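Listed below are the residues making up each chain.
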Amino acid sequence: MQRLQQQLDKIDGRGYKAYKQLSGDYFYDNFRIHVDHIQGDPFAQPSRISIYVPRATHGLPAELWSSPCRQTALEDFLGRAVAAAIDQHVQGHRGTGHSGQIRIAISGQQILRRNAVLIHQDGIEARLLIALPADGRRALGQEAATMFCVELPKVVDAGLCYRERSLENTWQHVEQAEDQDYLRDWLDQAGAIAFVANGSILPRFSGINDRPLENGIPFLSPASLIREIELPNRGTISGMLIPRGITLIVGGGFHGKSTLLQALERGVYNHLPGDGRELVVTTPGAVKIRAEDHRSIHRVNISPFINNLPGGRDTTCFSTENASGSTSQAANIIEALECGCDCLLIDEDTSATNFMIRDQRMQQLVSPDKEPITPLLHRIRELYRDRGVSAVIVTGGSGEYLSVADRVIQLDNYQPQDVSEQARNIAGDPPVSEHPLSPWPQADRPLEAKRLDANRPPKGIRIDVREKVLLDFGRKRINLSQVEQLVDCGQSEAIGWLLHYCRERYADHPGGLIKALRQSLSDAETRGLDILPPWKVGHLALPRLYELAAAANRIRTTDRTTRP
Ligand code: ADP
Ligand code: MG
């Protein structure tokens, strides 16, 4: 630390580039830092350092990371502890631009596999972003010395040293994540696709704040769907089990239908203690399906839903740069099935009506040969029967789906009730399709390597995330704003790197695009996110295959720069 102090003294008052002298390792009393990258100016991306805290110093028992689930949860816990310590001990603003800020890339209500904190056998590694301070373009070495020599040791002590501290919260974080994994694994054995524990708080603070709504009304399962389950850590809990099959969520406007569906969407991830959804789990293969006007579609067989388009366009290998509501929703389903999706989550609020239903009066008025769309209504039972794909569908306005539902849950003042019996009495017969049904696609789509090119000559690889959901990838911009189960900008960036990795490693994969993506994801899972970028970063988070494939599927054929 002394050497660092001396170096920063010398840098003080000189041009910003003088910071480039900082490099390699610096030793503190009970930890070490490594300088990974120094920024070029005070407005650039902040500098990156890694902190290494040896085992004897952090004092965490090995049982806390004795399984992959525990390890991910512990890494998440430590990242958040560092973030809290930064809030407490770092002054922040110290000059021009971002000068003085220290950050760790960990946020949100989900516990994801990340590379901000890594537990190694011999200690903890934590990766921080440090905005080296400047006044204009003059380095503020003294301020930097305060950051490195006063603030940083306090952050490490408060966030990463546990020798004489209570581990109660640490264990709670790890055990609750373990319980969620257990619960999710149990779903399959219970023949179910989701579980919502009694007492869960589903509504969020606001549309832009994912924390629980204060005074939200706790969830209480209808008696007919209630199930008990004993978790390894928490003991016995009870709640609503949603079996496989077709489940409708009905009810008046503003009674909490979409809120329940959104909780199920997020139930594929583990949540923090206190989130309110920490005992809401969904099968890992659940995919939110929505209409997505204007998305691009590349060589997808949407013929199970769309046929006989005007102009005789082929729908067995359909491409467009500007999809309609119905074609986009059809493509979203086909692409999800391609990745192994076993449960569709659909909200009428974000669906194309003509994709969802076609009622009898419209069938009389517009003859079948004039209607290219086979609505989901006509295939949803078959999808479950033949392919084992369940569905949860929110519908307030149309009763058409009652005839194909296995169960109907009504939300009344945010409280779910099982109205399956009444629904059966009024449902009528399931609809018969007017079209001959096209077979579900079998063949694997080829991987077209040039679509996965992250290069933007002459500058080289370009993988940048804007506003969490806009991924600048090579010459293209991939819009992920409608991919609703993407929860973190670290996932978006990891997706960019995974696409690049997939092209480098598996361009010739005989299984085609999706198998190559699956293999790339599995490599990152087993060997760590660090295999992806050529330099060390700490802000990546692991996505699911569905979101990774969603990005590959949305790469446009035309250049972003040539569009108006
Ligand atoms: P719907 O889809 O049935 O029209 P929403 O799910 O959009 O209704 O919910 C309407 C409003 O009620 C939202 O502002 C939501 O945050 C709130 N809300 C939902 N569930 C609860 C609950 N359990 N307790 C309190 N408020 C809730
Ligand atoms: Mg709604």
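None of the values given here were measured: they were computed from a predicted structure.

K.L.:
Before we move on, could you go through the sheet that holds strand 21 (residues 343-347) and cite the residues and values that matter?
P.N.:
Taken together, the 6 strands give an open sheet; going across it, the order is 18-21-22-15-23-24, and neighbouring strands pair in mixed fashion. Of all the strands in the sheet, the pair left with one neighbour each is strand 18 (286-289) and strand 24 (415-418). Along the sheet, successive strands turn relative to each other by an average axial angle of 20°, direction set aside. Two strands pair when backbone bridges link them, and strand 21 and strand 22 (residues 390-394) are joined in this way by 5 bridges, in the parallel orientation. Each residue of the ladder has a partner; that of Leu-345, found in strand 22, is Val-392. Running over the sheet, helix 7 (residues 325-338) touches strand 18 and strand 21 and is turned about 170° from strand 18.

K.L.:
Please provide a residue-by-residue account of the coordination of the magnesium ion (ligand 2), values included.
P.N.:
Around the magnesium ion (ligand 2), the protein contributes the donor atoms Ser-258 (OG) and Asp-349 (OD), at 2.1 to 2.2 Å from the metal centre. Pair noted here: Ser-258 is in helix 6 (residues 257-266) and Asp-349 is in the loop between strand 21 and helix 8 (353-356), with a separation of 91 residues, a long-range link.

K.L.:
Report on the nonpolar core, specifying residues and quantitative values.
P.N.:
Membership of the largest hydrophobic core comes to 83 residues, with the highest contact counts inside it found for Phe-305, Leu-344, Leu-376, Tyr-401, Leu-499 and Leu-517. With 8 residues, the single largest contributor to this core is helix 12 (residues 489-506). Counting 58 residues, the second-largest nonpolar core is a separate cluster that includes Val-90, Ile-106, Ala-139 and Val-174.

K.L.:
Give me the lowdown on the sheet that holds strand 27 (residues 476-479), citing residues and values where you can.
P.N.:
Taken in spatial order, the 3 strands line up as 25-26-27 in an open sheet, and their pairing is antiparallel. Every other strand in the sheet has two partners, leaving strand 25 (463-466) and strand 27 as the edge strands with one partner each. Along the sheet, successive strands turn relative to each other by an average axial angle of 20°, direction set aside. Helix 12 rests against strand 25, strand 26 (470-473) and strand 27 of the sheet, and its axis sits at about 155° to strand 25.

K.L.:
Residue-level account of the site of ligand 1, with values.
P.N.:
Near ligand 1 you find 13 residues, and of these Ile-217, Phe-254, Lys-257, Ser-258 and Thr-259 are the closest. At a separation of 2.8 Å, a nitrogen atom of ligand 1 approaches a polar backbone atom of Ile-217. Between an oxygen atom of ligand 1 and a side-chain N or O atom of Tyr-414, the distance comes to 3.4 Å. In isolation ligand 1 has 570 Å² of accessible area, and contact with the protein removes 77% of it. Classifying every residue of the shell around ligand 1 gives 5 nonpolar, 7 polar and 1 charged.

Rules used in this analysis
Residues numbered from 1 in each chain as written. Chains lettered and ligands numbered in written order. Predicted model: local features only at pLDDT ≥ 70, side-chain atom pairs only at ≥ 80, totals over all residues. Heavy atoms only, no water. Pairing = 2+ DSSP bridges. Helix = DSSP H or I, 4+ residues; strand = E, 2+ residues; numbered from the N terminus. Axes fitted to C-alpha atoms, helices over the stretch in contact; angles between N-to-C directions. Contact = heavy atoms within 4.5 Å. Donors = N, O, S within 2.8 Å, 3.2 Å for Na, K, Ca; no water. Core = buried A, V, L, I, M, F, W, Y, C linked by side-chain atoms within 4.5 Å. Buried < 20%, exposed > 50% of the residue type's maximum accessible area, 1.4 Å probe, protein only. Near = heavy atom within 4 Å. Polar contact = N/O pair within 3.5 Å; in protein donor to acceptor, adjacent residues only side chain to side chain. Areas by Shrake-Rupley, 256 points an atom, 1.4 Å probe, with all protein chains shown as cover. Nonpolar A, V, L, I, M, F, W, Y, C, P; charged D, E, K, R; others polar.

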